[in-house]
Amino acid sequence: MTTAAIYVRISSDATGEGLGVARQEADCRALADRLGWTVTEVYRDNDISAYSGKVRPDYERLLSNVEAGTVRGLIAWHPDRLHRSPKELERFIDLAERTGLQVQTCQSGAVDLTTPSGRMVARMLGATARYESEHKAARIRRKLAENAAAGKPHGGHRPYGWEPDRLTIRESEAAVIREAASRVLAGEPLRSIFRDLNARGLHNASGKPWTHPTFRNVLLHARHAGLREHNGQEMGVAAWPAIIPPETWRAVRRVLNNPDRVTTPGRAGRLHLLSGIAVCGVCGSPLRVGHSKSTEAYRCMASACVSRRRDRLEEYVEAVVIARLSRPDAAALLAPDDDGGERERAAQAAERVRQRLDDAAASFAAGVITARQLATITGQLRPELAALEAAAAPPPDRASVLGDLLSSDDVTGAWERLSPDARRTVVRLLMEIKVSRGRRGPGFSTDGIEISWR
Ligand SMILES: [Zn+2]
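Residues numbered from 1 in each chain as written. Predicted model: local features only at pLDDT ≥ 70, side-chain atom pairs only at ≥ 80, totals over all residues. Heavy atoms only, no water.

In this structure, Cys280 (SG), Cys283 (SG), Cys300 (SG) and Cys305 (SG) serve as the protein donors to the zinc ion, at separations of 2.3 to 2.4 Å. For the zinc ion, the 4 donor atoms in the first shell make angles of 100 to 119° at the metal, a pattern classed as tetrahedral. Coordination of the zinc ion draws on donor residues from a single chain, spaced C-x2-C-x16-C-x4-C in sequence. Of this pair, Cys283 sits in the loop between strand S8 (279-280) and strand S9 (287-292) while Cys305 sits in the loop between strand S10 (295-300) and strand S11 (307-309), placing them 22 residues apart in sequence. The exposure class assigned to Cys283 is partly exposed, which follows from its relative accessible area of 37%. (Donors = N, O, S within 2.8 Å, 3.2 Å for Na, K, Ca; no water. Tetrahedral: all angles 85-135°; square planar, octahedral: opposite > 155°, others 65-115°. Helix = DSSP H or I, 4+ residues; strand = E, 2+ residues; numbered from the N terminus. Buried < 20%, exposed > 50% of the residue type's maximum accessible area, 1.4 Å probe, protein only.)

This is the structure we're talking about:
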């Protein structure tokens, strides 16, 4: 357990809004909890007064305690709370390097001063902090002016899942977010989930029923994963706790942003059991239902490679699902072989790629690399990151999807009571279905239908 000090400073060049020392301290303490650090002392300086630019008594005391080895970890709200000038920063870097001091900030994450790139980032942050702060202040003022003109109250809405302080989890709503995340990962469509919530009287932060866009936006919110985000880019660990683990949230985001996801019902006003789930065995494209003469058929939409009667193919797949779920060892479906090691390694690799992206952005900001070089680096790393995040995604919570089916003595009856969306979710969870060309001739044949268990 690392013992840590918190440093807070009130100043007239405050980064961000409402940055009293109490708020800084609260954020820093939350971060210490997340890191598992024990806070031994809080150092406070008031830099607004006539002393501005002069000696900061608590800062000096802090540095001498670092020197003496009684402070091993240091938390500040933002690096600009610690250093007011490049000269102060260089002195601090020198000390941190000699003593191995670990520095964490609420706004910029870990500041590793033991490596050249870490020092470069620290110097860059110092140089841009003032610019950002001025820029942000101007933006906030403009927004407030707009809101005032439009008659809107200041401060915005309370985010769903959170108390009005935006730091404390509202447990009743957090439970809904967790449930929704695991249902999304199990493949259930959003509209099926939020209609169910509406039916249970679980409404949005304004007390109104969920709609597709409001519900989707809530699930895409990085704050639930304890992450800060700006313009769709992750900006590091936040001062508030997480409702769902970051890997889970990223997996949800990937599902919701996947353009291949089928979310709209077909012509008949409903989604067919296997649309977008079964794939063409020839070219790999998803199958959809099309009409020819009087019959409906699943067809390869890309190249018309294959076609199977809709009713027969669905009956066959349903029979296979029910047979599998009726077997004495059906409960084993709840725990597929997975030690999690592979996912853990992918999660760690993803974190390293994110770090490299951050480093590249910092190098660009510091003028070390050009915009073209930055574009080349991010162009290579983004697909790599997407693949690693996919590999790090947690498996869906099978129990929540299969529960009723597995606990029932009458699997067929339980299956028939499921909604169409729930049936699709079960099929998607359990199996991959490939349909290749079958034998020619009349009637339905299971030739060329390949079902593999996930
Ligand atoms: Zn095809």
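Let's shift gears to the sheet that holds S8. The sheet built from 3 strands is open, its strands ordered S8-S12-S13 with mixed pairing. Of all the strands in the sheet, just S8 and strand S13 (449-453) have a single pairing partner and so form its edges. Each of strand S12 (431-435) and S13 touches helix H15 (residues 420-430); the most contacted strand, S12, lies at about 90° to it. (Pairing = 2+ DSSP bridges. Contact = heavy atoms within 4.5 Å. Axes fitted to C-alpha atoms, helices over the stretch in contact; angles between N-to-C directions.)

Next up on the list: the sheet that holds strand S5 (residues 109-111). Across a sheet, paired strands are connected by hydrogen bonds in the backbone, their directions being either parallel or antiparallel. Across the sheet, 5 strands lie side by side as S2-S1-S3-S4-S5; this open sheet has mixed pairing. Lying at the two open borders of the sheet, with one neighbouring strand each, are strand S2 (38-46) and S5. Neighbouring strand axes in the sheet, compared pairwise and without regard to direction, differ in orientation by 25° on average. Strand direction decides the pairing type here: strand S1 (residues 3-10) and S2, joined by 8 bridges, are parallel. By the bridge assignment, Tyr7 is partnered in S2 with Tyr43. In this fold helix H1 (residues 21-35) packs onto S1, S2, strand S3 (73-76) and strand S4 (102-105), with an angle of close to 160° to the strand it touches most, S1.

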